[in-house]
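Residue-level structural notes
This is what each chain is made of:
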Amino acid sequence: MILTLTPNPAVDQTDWLDRVELGAVNRTRETHFDPAGKGINASRMAHRLGWPTIAFGFLAGETGAIIERALRAEGVQYHFVQVPGLTRVNMTIIDDAGVVTSFHGPGARVSAADVATLDSMVRFWLRGVRVLVLAGSLPPGMSPDTYAGFIARSHEQGVKVILDADGEPLRLGVAAHPDVIKPNVQEAEQLLGRRLPDLATVIGAARELSLRGIAAVVISMGAEGAVCASGERAWRVRSPRVQARSTVGSGDSMVAGIAVALARGEDLVDGLRRGAAAGAATAATAGTALGAAEDVEALLPQVSVEAIG
Ligand SMILES: Nc1ncnc2c1ncn2[C@@H]1O[C@H](COP(=O)(O)OP(=O)(O)OP(=O)(O)O)[C@@H](O)[C@H]1O
Ligand SMILES: O=P(O)(O)OC[C@@]1(O)O[C@H](CO)[C@@H](O)[C@@H]1O
């Protein structure tokens, strides 16, 4: 079982238009809504890949109900704590030049009692779980060391943890030694406080972070694939070439591929392969809609994972 925790879910709204004009009414050509938030996306992809998963987190109001209905329709199991207010809507605008602009809301505020309810629910379910995915931003009211706390508790119970966050929750989470982190290059740059301008510096960053006590550090690079370091070993992952429609959710799909490999007890390289295929399948799909299982299968043989010295 893979448990995912998305403290700050979102309905993702993707709008396509010719070009964006600031200070004007912009009429969009097409609009797409998807149930989202990083862990929810990872659960949806893990479910497609045929592995049992339960999504946990907070939901609020009518926008929260949209997410619940969508997960139910897909057959993805979930346990959400209902909180007051409205689950946020994250908007992404894609223009004809392919420029992607996103607006992420802060999310519905949670109280100390809400956090305690979620905490005890997750603690209870951790007993039957192989992998916990902690993903995305934290809503107002949740402490930045929340993920670090879940990592410590999971390790006490022998549960492997994948952390996919950014900023302070990532920094504090890294200090608690999750088993896997999957920042993209920007997130890794923020974590390390320096630019990573080329492949060599990205590989160096992955090695450096892994030597801090993280079993696998995967730094994703969009269409350029990813690098992974595990102690002294490292790999270059090359993603299949696809016609990208929207890469929102590709990172979460990659996390799902890795989570499924960990849950199956497979090799890390198998996880990287499946993760890159899932990420590419999602990139080829519009909005935050995730790649279909058949697409992931079809792309799998086109992924290359090569050991680097
Ligand atoms: N355009 C693309 N073509 C092929 N593969 C892609 C493309 N974009 C992403 N991928 C695959 O998905 C993986 C994760 O993508 P990316 O680096 O964009 O993650 P991310 O920035 O965390 O995404 P998000 O936060 O939107 O989910 C990449 O390492 C790659 O294997
Ligand atoms: O604002 P956060 O919690 O960091 O990220 C949320 C989010 O951008 O992540 C997913 C893509 O990875 C989107 O579906 C969703 O809107």
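Coordinates for the structure precede this section.
Described below are features of the structure shown in this document.

The rules behind the values
Residues numbered from 1 in each chain as written. Chains lettered and ligands numbered in written order. Predicted model: local features only at pLDDT ≥ 70, side-chain atom pairs only at ≥ 80, totals over all residues. Heavy atoms only, no water. Near = heavy atom within 4 Å. Polar contact = N/O pair within 3.5 Å; in protein donor to acceptor, adjacent residues only side chain to side chain. Nonpolar A, V, L, I, M, F, W, Y, C, P; charged D, E, K, R; others polar. Helix = DSSP H or I, 4+ residues; strand = E, 2+ residues; numbered from the N terminus. Buried < 20%, exposed > 50% of the residue type's maximum accessible area, 1.4 Å probe, protein only. Axes fitted to C-alpha atoms, helices over the stretch in contact; angles between N-to-C directions. Parallel < 35°, antiparallel > 145°, perpendicular 65-115°, else oblique. Left-handed = near helix turned anticlockwise from the far one by under 90°. Contact = heavy atoms within 4.5 Å. Pairing = 2+ DSSP bridges.

Moving on to the site of ligand 1. Taken together, the neighbourhood of ligand 1 is formed by 24 residues, with Ser220, Gly222, Gly225, Ser239 and Gly251 sitting nearest. Lys182 is positioned such that a nitrogen or oxygen atom in its side chain is 3.0 Å from an oxygen atom of ligand 1. Looking at the shell around ligand 1 residue by residue, the classes come out as 11 nonpolar, 10 polar and three charged.

In this section: the side chain of Thr63. Considering the arrangement of structural elements, one finds Thr63 in helix α2 (residues 61-74). Among the residues examined, Thr63 registers a relative accessible area of 13% and is labelled buried. Here the side chain of Thr63 touches Thr87 through a polar contact of 2.7 Å, landing on its backbone oxygen.

Where helix α5 (residues 167-174) meets helix α6 (residues 185-192), the closest approach of the two axes is 10 Å, and the angle between their N-to-C directions is 70°. Our classification of the angle between α5 and α6 gives roughly perpendicular. Between α5 and α6 lies a crossing whose hand is right-handed. Along its contact with α5, which presents Gly167, Leu170, Arg171 and Val174, the element α6 presents Glu187, Gln190 and Leu191.

What follows deals with the sheet that holds strand β2 (residues 10-17). Strand order in the open sheet formed by four strands is β3-β2-β6-β7, and the pairing between neighbours is mixed. At either end of the open sheet lies a strand with only one pairing partner, and these are β3 (30-36) and β7 (100-103). Pairs of neighbouring strands in the sheet enclose a mean axial angle of 20°, with direction left out of account. Two elements, β2 and β3, share seven bridges in a ladder whose sense is antiparallel. Looking across to β3, one finds that Val11 is bridged to Pro35.

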